[in-house]
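# Observations on the model geometry
These are the residues of each chain, in order.
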Amino acid sequence: MTALLEVEDLCKTYRAHGHEVAAASAVSFRLEEGGSLGIVGESGSGKTTTARMVVGLERPDSGRIVFRGQELSSRPRGRSERLERARAIQIVFQDPYLSLDPRVAVGAAVEQVVKLHTKLAGADRRRRVLDLLGQVGLGEREAGTLPRRLSGGQRQRVAIARALAVGPAVLVLDEAVSALDVSVQAQVLNLLTDIRELTGVGLLFISHDLAVVRYVCDEALVMRSGEVVERGSTAQLLSAPQHAYTRVLLDAIPRPA
Amino acid sequence: MSTPLLQMSDVWLRLPGIANRPILAGVDLEVAAGEVVGLVGESGSGKSVTARTALGLVPRGAQVEGRVLVDGTDVLSAPADRLRRLRSESAAMVFQDPRAGINPMRRIGDHLTEAARFAKRGEDVRAARKRALDLLEAVGLPHPERHLKQFPHELSGGMLQRVMIAGALMGSPKLLLCDEPTTALDVTTQKEIVSILARLQQDEGMGMLFITHDLDLAASVCDRVHVMYAGQVVEHASAKELFASPQHPYTAGLLASTPSLEVVQERLRPIAGTPLSLLADPLGCTFAERCDRVMEGLCTTQRPELVEHGDRADRCLLNQTTEVAG
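Residues numbered from 1 in each chain as written. Chains lettered and ligands numbered in written order. Predicted model: local features only at pLDDT ≥ 70, side-chain atom pairs only at ≥ 80, totals over all residues. Heavy atoms only, no water.

## Digging into the overall build of chain A
For chain A, the count of helices and strands is eleven helices and ten strands. For a compact globule of 257 residues, the expected C-alpha radius of gyration is about 18 Å, and chain A comes in at 18 Å, within 12% of that figure. For chain A, the spread of C-alpha atoms along the three principal axes comes to 55 × 50 × 45 Å. Out of the 257 residues belonging to chain A, those deemed buried represent 53%. Of the contacts formed within chain A by residues at least 6 apart in sequence, a portion of 67% connects residues at least 24 apart. Between the mean site of the 33 positive side-chain charges and the mean site of the 30 negative ones, chain A shows a separation of 7 Å. (Helix = DSSP H or I, 4+ residues; strand = E, 2+ residues; numbered from the N terminus. Rg over C-alpha atoms; globule rule 2.2 N^0.38 Å. Buried < 20%, exposed > 50% of the residue type's maximum accessible area, 1.4 Å probe, protein only. Contact = heavy atoms within 4.5 Å. Lys, Arg positive; Asp, Glu negative; His and termini not counted. Charge placed at Lys NZ, Arg CZ, Asp CG, Glu CD.)

Have a look at this one:
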């Protein structure tokens, strides 16, 4: 069966001042239709570089990204190619303060995306915007407000609504719940689970938090220094880690005495 | 029984013009020598303000009431020079972001010995340098001599946080206030830093106030844990008891919201809504609007007191009415 997303041997090396850093070395994984794959690791492990290559923000040195059987170009060129990539794969970043324009009201921010990617206009478009905000638990009242009037959790919901506006097949979440308070984080995690069930979107979920990955994902990769050191079902990774580094990582997580 | 190193009694802090509700609303907190007390809660609950107020570091325009004693000094009425001495000799603080607390233009060695020269009047720079070297080694840095000559940007976040811990200990404080000291760090680095802090705390017999939003971390580090919500301590208990049997619905909600590594969770049960806004000042319990066990007409009109049950306490009418009824 064709995978939703198949990544083969992605490599990316950054060079600066005569130093070379292999941010990703031969990263490969498969995300099935409607599946959820976690990428865990510490800072500098290559999680974010991998995510940026998948969405086309970073150009891999080598390797292939295959979306539903079709290879995506290493760097989308031109308006139509970029729009096409955007419709396939969307990303939500960690910091909703930086990913929303502070001058644009929340409803308008979602509407921009709907306008760009659909032919909807007028009342239909506004209805679609309210639908999308409704999907992430926001109402008409929030639609008229500026991002700074919203809490971190609400802002992250807006970022998710904008990503969903395109109707993507893959949603990449790069530490998207890491900056949220635990009670709000739980709300957003449940929201992601619901959206996955409702829309069938595949999740590529990047996080340093193994417990969160376990909750969201069926399968996960563990990355270290640009390499995938272990992959498997999340249950198996946690109960019977094979790689020494996975064990170090698990061992470092604080647990009540 | 010896007097606690830190004793906060009924501390109120208001910020007129910025917040309608008090930022701190009657905080009671004690930290004794050799004890690690945790302060947990979500953003805006008043954890950091509590720690800063303990050292007299209050925001401009703040109205503070109550009593804060650090090692016998009345912080809220002490003159500036007494406070300065207190902050270098009796108590020290470690913050979340090490880069925010160190001058990027000055070498690590200058940063460390400056603190020492300040704390120990008359002590010469050489002795301070010796202590800096010892402490850098104690916090697990591999090349103390070299680090003294380095600039902050040459060290990683984890290494720099070790430097900041060394800096906090230069004056041999009796009380160490740690405000999310490992939140910005990777989990393996966090583990090392936490074990260094725990070892130093035990070796020196320091009292430690450990602020974190990570409940599991608090449970593994602290002897006692205080849970804060909207400027109040809503529950405190020994770390073990608090997590085994939370009595306040907020504590229970926090635990139910936290994804677990051990237990398979079909669905998390988040606390509804968002933390209380600074602009809201409800008549009743500050948690009532989010509480899944709210008693209408009671919780929304009556402010619960912090009531002790044995060696733990909570601020919930639910537990107080059952007791009356039972």
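After that view, the rundown keeps rolling.
## What to know about the overall build of chain B
Check the secondary structure of chain B and you find eleven helices and twelve strands. Dimensions of chain B, computed from C-alpha atoms along their principal axes, come out at roughly 65 × 50 × 40 Å. Relative to its full complement of 326 residues, chain B shows a buried share of 51%. Put simply, 63% of the contacts in chain B that link residues at least 6 apart link residues at least 24 apart. Here chain B has roughly 14700 Å² of accessible surface; of this, 51% comes from carbon and sulfur atoms. A distance of 7 Å separates the average location of the 35 positive side-chain charges in chain B from that of its 41 negative side-chain charges. (Areas by Shrake-Rupley, 256 points an atom, 1.4 Å probe, with all protein chains shown as cover.)

## Digging into the environment of Ala91(B)
Residues and elements named next belong to chain B. Examined against the element boundaries, alanine 91 turns out to sit in strand E6 (residues 91-94). Alanine 91 sits 89 residues away from glutamate 180 along the chain, and the two C-alpha atoms are 17 Å apart. Ignoring any residue separated from it by four or fewer positions in sequence, one finds alanine 91 in contact with Leu55, Val70, Leu86, Pro173 and Leu175.

## Some remarks on the side chain of Asp174(A)
Residue and element names in this part refer to chain A. Along the polypeptide, aspartate 174 turns up in strand E7 (residues 170-174). Lysine 47 is the oppositely charged side chain nearest to the buried, salt-bridge-free aspartate 174, at an N-O distance of 6.6 Å. In contact with aspartate 174, not counting residues within four places along its chain, are Thr48, Ile91, Val92, Phe93, Gln94 and Ile206. (Salt bridge = Lys/Arg side-chain N within 4 Å of Asp/Glu carboxyl O.)

## Structural notes on the nonpolar core
Leu112(B), Leu176(B) and Phe210(B) are the most contacted members of the largest nonpolar core, which totals 60 residues. With seven residues, helix H6 (residues 157-169) of chain B is the single largest residue contributor to this core. Shared between two domains, this core holds at least three residues of each, these being domain 1 (6-90 + 174-272) and domain 2 (103-172) of chain B. Contacts of Leu176(B), omitting those with residues within four sequence positions, involve Ala92(B), Met93(B), Val94(B), Ala168(B), Leu169(B), Leu197(B), Met206(B), Gly207(B), Met208(B) and Leu209(B). Membership of the second largest hydrophobic core comes to 56 residues, among which are Val129(A), Phe205(A), Leu210(A) and Cys217(A). (Core = buried A, V, L, I, M, F, W, Y, C linked by side-chain atoms within 4.5 Å. Domains from an automatic or database assignment.)

## Digging into the side chain of Ser36(A)
Residue and element names in this part refer to chain A. Structurally, the position occupied by serine 36 is in strand E3 (residues 36-40). In terms of polar contacts, serine 36 uses its side chain to reach the side chain of arginine 196, at 3.2 Å. Within polar-contact distance, the side chain of serine 36 engages the backbone oxygen of valine 216 at 3.2 Å. Apart from residues lying up to four places away in sequence, serine 36 is in contact with Leu31, Arg196, Leu203, Val216, Cys217, Asp218 and Glu219. (Polar contact = N/O pair within 3.5 Å; in protein donor to acceptor, adjacent residues only side chain to side chain.)

## Brief notes about the UniProt feature "domain: ABC transporter" (unreviewed entry) in chain A
Sites flagged by UniProt as "domain: ABC transporter" (unreviewed entry) map to residues 5-250 of chain A. Overall, residues 5-250 of chain A shows 43% helix and 27% strand. The separation of its end C-alpha atoms is 28 Å. (UniProt positions renumbered as here; feature names shortened; annotations may be inferred.)

## Describing helix H5 (residues 122-135) of chain A
Residues and elements named next belong to chain A. Between the first and last C-alpha of H5 there are 20 Å, a value that for 14 residues agrees with the 20 Å anticipated at 1.5 Å per step. Three or more residues of H5 are buried, namely Arg125, Val129, Leu132 and Leu133. Take H5 and look down its axis: the buried residues cluster within an arc of 100°, on one side only. Along its buried surface, H5 packs onto helix H4 (106-117), helix H6 (140-143) and helix H7 (152-164). (Expected span 1.5 Å × (residues − 1). Arc of directions from axis to C-beta.)

## Some points on the pattern of salt bridges
Residue and element names in this part refer to chain A. According to the stated counting rule, one finds 25 salt bridges over all chains in the structure shown. In this structure, the salt-bridge partner of arginine 30 is glutamate 32, at a minimum N-O distance of 2.9 Å. With relative accessibility at 33%, the residue glutamate 32 sits in the partly exposed group. Of the charged contacts, one joins glutamate 58 and arginine 52 as a salt bridge, the two residues approaching to 3.1 Å between their closest N and O atoms. Relative accessible area serves as the criterion here: at 17%, glutamate 58 is assigned to the buried category. One salt-bridge network, in which partners are shared between bridges, spans Glu6, Arg30 and Glu32.

## Here we look at the packing of helix H11 (residues 244-252) of chain A against helix H7 (residues 187-204) of chain B
Taken N-terminus to C-terminus, the directions of H11(A) and H7(B) make an angle of 50°; their axes are 8 Å apart at the nearest point. Classified by the angle their axes make, H11(A) and H7(B) are oblique. Every pair of crossing elements has a handedness; the one defined by H11(A) and H7(B) is left-handed. Contact residues: H11(A) offers Val248(A), Leu249(A), Asp251(A) and Ala252(A), while H7(B) offers Val187(B), Thr188(B) and Lys191(B). Looking at the contact of H11(A) with H7(B) residue by residue, the classes come out as four nonpolar, one polar and two charged. (Axes fitted to C-alpha atoms, helices over the stretch in contact; angles between N-to-C directions. Parallel < 35°, antiparallel > 145°, perpendicular 65-115°, else oblique. Left-handed = near helix turned anticlockwise from the far one by under 90°. Nonpolar A, V, L, I, M, F, W, Y, C, P; charged D, E, K, R; others polar.)

## Structural notes on the pairing of strand E1 (residues 6-14) of chain B
All names here are of chain B. As paired strands, E1 and strand E4 (residues 63-70) are joined by seven bridges and run antiparallel to one another. Bridge pairing in E4 links arginine 14 to glutamine 63. Here E1 pairs with strand E2 (residues 24-31) via six bridges, running antiparallel. Bridge pairing links leucine 6 to valine 31 in E2. (Pairing = 2+ DSSP bridges.)

## Considerations on a nonpolar patch on the surface
Taken together, the side chains of Ile18(B), Leu278(B) and Leu279(B) make up a nonpolar region of the molecular surface, amounting to roughly 290 Å² of accessible area. By the secondary structure assignment, Leu279(B) is in the loop between helix H10 (249-257) and strand E11 (307-309). (Patch = residues over 30% accessible without salt bridge, like charges linked within 9 Å, V, L, I, M, F, W, Y side chains within 5 Å.)

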